[in-house]
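Observations on the three-dimensional arrangement
The residues making up each chain are set out below.
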Amino acid sequence: MRKTFLLYVLLSAAFIAVNVATLGNLEPWIDEVMLLDTAYNAAVHGSWSTTAWYRVVGEYPFSTYPPLYQMLAAAWIWLFGGSMVAVRSLNLLIVFMLGLGCLRLMRRHALPLTPGAVTMFTVLLWGTGEMAWMYRCGRPDMLCALLTVGAVLAIDRHLTARSWLTPWAVMVMSALVVCSGVQAAVCLCVLWLFLFVVMKGRRREMLRLLVPLAGGLAAGLLLTMLFMLAHGRLIAFVSSLVQYSATLSAIAIALLPWAGEAFCFEATPYLQKLQELGATSGLGDRLAPIVTFRSFIILAAVALIAYVVSLRKALGDSGFLALLFAVGVPFAMTLAGRFPDYYRWMAFLPLLMALTSIAVHRRWWAAVFGVLATVLAMQGIRSMQPDPQWSYARMRSFVGRQHFAETDAVVCPFSVFYEMKALCDTCYFVGIFPPEFVGHVDYVIQPGDDQRISDYVRQLRADSTVVLTAVDRCEHPSLTLYAVHYD
């Protein structure tokens with residue numbers, strides 16, 4: 001056990017070093033900025049506010065995502081600073097702990113982890129391109145994954161060695177799962193339903209488990225709603241839940257006309273908004289992106305072949321059940337609402353556990369998975385290389401040579417988030433923030449590919465009391481800095 005733990009630590013350290021050296025190659029994007037802007041403001045300015053969110057139900061923008069990740073990120077920024085590498089390194093620590101949690105779960109199921117199996121697991125966890133993108137993109141999904149694995153460990157302990165503490169552990173962990181992301185709570189519910197179906201001889205235990213599990217999920221949802229209520233954003237939070245779930249949106253579209261008549265309000269604007277967000281798209285359209293999850297499809301197909309060819313007697317073991325869950329979770333999550341790229345950990349982690357189970361039982365298949373892991377990791381590391389159209393060094397040089405004052409208000413693209421937040425107290429990310437809430441502006445940084453900022457620049461030019469002056473330009477990325485003067 002000590003040797004396999006040391007092997008995991010050493011391999012993880014190598015991947016962490018590669019990531020730290022290449023984190024600047026990934027351009028900051030909309031989701032990352034939306035979620036971290038609040039955390040940065042909380043850490044640096046002491047205010048739970050944002051200028052990188054959208055308007056919900058007509059209210060001033062406010063982050064309606066469950067706050068646990070942002071609270072954790074705020075503490076991280078307060079401790080280690082707000083640079084890109086520092087902030088993105090939080091997810092590297094979370095993934096390291098996630099791997100330990102997965103290995104712990106497999107050991108609890110009496111899986112004799114060999115050095116080869118641990119090597120394969122670690123390389124696939126850190127090295128595959130899709131997984132690497134998930135932990136490098138600045139979203140809270142890795143925290144969701146870690147707490148979900150923690151909840152599964154608590155559930156497993158409750159089912160195998162019940163004591164008066166185990167139901168409380170299930171409640172606490174499931175509550176934290178909700179506070180990290182409602183989508184993770186949905187995944188946990190899917191897992192309970194899956195176990196209830198496949199564990200025919202233990203359904204009474206599964207029903208008893210439902211009490212602390214549902215209690216914890218309800219407590220987590222209540223805590224999140226109380227947080228939103230305290231900030232006057234409860235209705236906005238509920239509205240966000242609906243609009244980000246295709247299933248809930250479809251139900252809302254069906255019920256809104258009736259509700260409008262019953263409660264005397266105009267439902268048309270809400271219907272139009274939901275339809276614009278694609279709530280009426282079919283199940284097939286929502287499932288189609290899964291074909292781009294190449295590493296998952298390749299590994300799942302080989303795992304199924306391994307069970308059919310060599311492990312027919314093991315079709316009921318925990319590894320095979322993990323494989324079934326991995327294959328089924330994209331369909332279940334899509335039915336529940338949505339399954340975008342950054343939810344793919346829900347399928348990939350149980351698949352890794354299934355592969356590890358096969359690897360410790362069959363050396364030949366361990367060699368096959370080892371080769372696949374090496375190839376996929378090479379492709380994943382290649383995906384971390386610089387984009388010729390994007391240079392963080394050039395962008396940082398462009399921002400650094402300007403003469404911004406701390407009190408300046410600047411309209412910014414997402415790509416300059418980390419550099420500009422350190423320089424100016426007021427940064428409006430108009431790529432998502434509604435322009436009608438933008439006040440006095442001193443500068444505008446216009447990228448070549450952001451239509452909303454381009455529209456804002458045209459709006460300023462159409463105002464006879466405003467004069468725009470091009471101050472500086474940058475290529476790769478394409479950025480133009482305008483000074484704004486008011487008559």
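Described below are features of the structure shown in this document. Everything numeric here is computed off the predicted structure, so don't read it as measured data.

About the cut-offs
Residues numbered from 1 in each chain as written. Predicted model: local features only at pLDDT ≥ 70, side-chain atom pairs only at ≥ 80, totals over all residues. Heavy atoms only, no water. Salt bridge = Lys/Arg side-chain N within 4 Å of Asp/Glu carboxyl O. Helix = DSSP H or I, 4+ residues; strand = E, 2+ residues; numbered from the N terminus. Buried < 20%, exposed > 50% of the residue type's maximum accessible area, 1.4 Å probe, protein only. Pairing = 2+ DSSP bridges. Phe/Tyr/Trp six-rings, centres within 6.5 Å; stacked < 30°, edge-to-face > 60°. Lys NZ or Arg CZ within 6 Å of the ring centre and 35° of its normal. Patch = residues over 30% accessible without salt bridge, like charges linked within 9 Å, V, L, I, M, F, W, Y side chains within 5 Å. Areas by Shrake-Rupley, 256 points an atom, 1.4 Å probe, with all protein chains shown as cover. Contact = heavy atoms within 4.5 Å. Disulfide = S-S within 2.5 Å. Axes fitted to C-alpha atoms, helices over the stretch in contact; angles between N-to-C directions. Left-handed = near helix turned anticlockwise from the far one by under 90°. Nonpolar A, V, L, I, M, F, W, Y, C, P; charged D, E, K, R; others polar.

Here we take up the pattern of salt bridges. A complete count under the given rule lists 11 salt bridges for this structure. Put simply, Asp455 and Arg458 hold a salt bridge, and the shortest N to O gap is 2.2 Å. Here Asp455 and its partner Arg458 are both found in helix H21 (residues 451-461), three residues apart, which amounts to about one turn of the helix. For Asp455, a relative accessible area of 35% corresponds to the partly exposed category. Judged by relative accessible area, Arg458 falls into the partly exposed class, the value being 46%. A network of salt bridges, in which partner residues are shared, links Asp31, Arg139 and Asp141.

Across eight bridges, strand E4 (residues 466-474) lies against strand E5 (residues 479-486) in antiparallel orientation. Bridging across to E5, Val467 finds its partner in His485. Where E4 folds back onto E5 in an antiparallel hairpin, the turn is made up of four residues, including His476, whose phi is positive at roughly 55 degrees.

Before going further, it helps to examine the packing of aromatic side chains. Applying the stated criterion to the full structure yields 25 aromatic pairs. Considering the side-chain rings of Tyr342 and Tyr343, the 5.5 Å spacing of their centres and the 75 degrees angle between planes classify their relative orientation as edge-to-face. The two residues Tyr342 and Tyr343 agree in class, both being buried. Pairwise contacts between aromatic rings join Tyr40, Phe414, Phe417, Tyr418 and Phe429 into one cluster. Sitting over the ring of Tyr342, Arg139 keeps its end group 3.6 Å from the ring centre. Positioned over the ring face of Phe196 is Arg203, at 5.3 Å from the centre of the ring.

The next thing to look at is a nonpolar patch on the surface. A contiguous nonpolar surface patch, about 390 Å² in accessible area, is contributed by Leu222, Leu223, Leu226 and Leu229. Here Leu222 is to be found in helix H10 (residues 203-230).

For helix H6 (residues 129-136), a buried count of six out of eight residues is recorded, marking the element as mostly surrounded by other parts of the structure. Looking at H6, one finds that the buried residues are Glu130, Met131, Ala132, Met134, Tyr135 and Arg136. Looking at the buried side of H6, the elements it contacts are helix H1 (2-22), helix H4 (84-108), helix H5 (115-127), helix H7 (141-160), helix H15 (294-309) and helix H17 (345-361). With its phi angle positive at about 80 degrees, Gly138 sits one or two positions after the end of H6.

Time to look at the state of the cysteines. For the structure shown, the criterion picks out zero disulfides. You can see Cys102 has no disulfide; the closest cysteine sulfur is in Cys187, sitting 12 Å from it.

Our next topic: the packing of H15 against H17. At a minimum axis separation of 10 Å, H15 and H17 run at an interaxial angle of 35 degrees. The chirality of how H15 crosses H17 is left-handed. Across from Ser295, Phe296, Leu299, Ala300, Ala303, Ala306 and Tyr307 in H15, the residues of H17 making contact are Ala347, Phe348, Leu351, Leu355, Ser357 and Ile358. For the contact of H15 with H17, the per-class residue count stands at 11 nonpolar, two polar and no charged.

With respect to the helices and strands, Met120 occurs in helix H5. Separated by 239 residues in sequence, Met120 and Ala359 have C-alpha atoms that sit 8.5 Å apart. The contact partners of Met120, leaving out residues within four places of it in the chain, are Leu355, Thr356, Ala359, Phe369 and Ala373.

At the junction of His476 and Pro477, the peptide bond is cis and its omega measures out at 15 degrees in the coordinates. For Pro477, the location among the structural elements is in the loop between E4 and E5. The backbone phi angle of Val57 is positive, close to 45 degrees, even though this residue is not glycine. Mapped onto the fold, Val57 is located in the loop between helix H2 (30-45) and helix H3 (68-80). A relative accessible area of 37% means that Val57 is categorised as partly exposed. Look at His476: it is not a glycine, yet its phi comes out positive at around 55 degrees. One can find His476 in the loop between E4 and E5. Note on His476: relative accessible area 35%, which makes it partly exposed.

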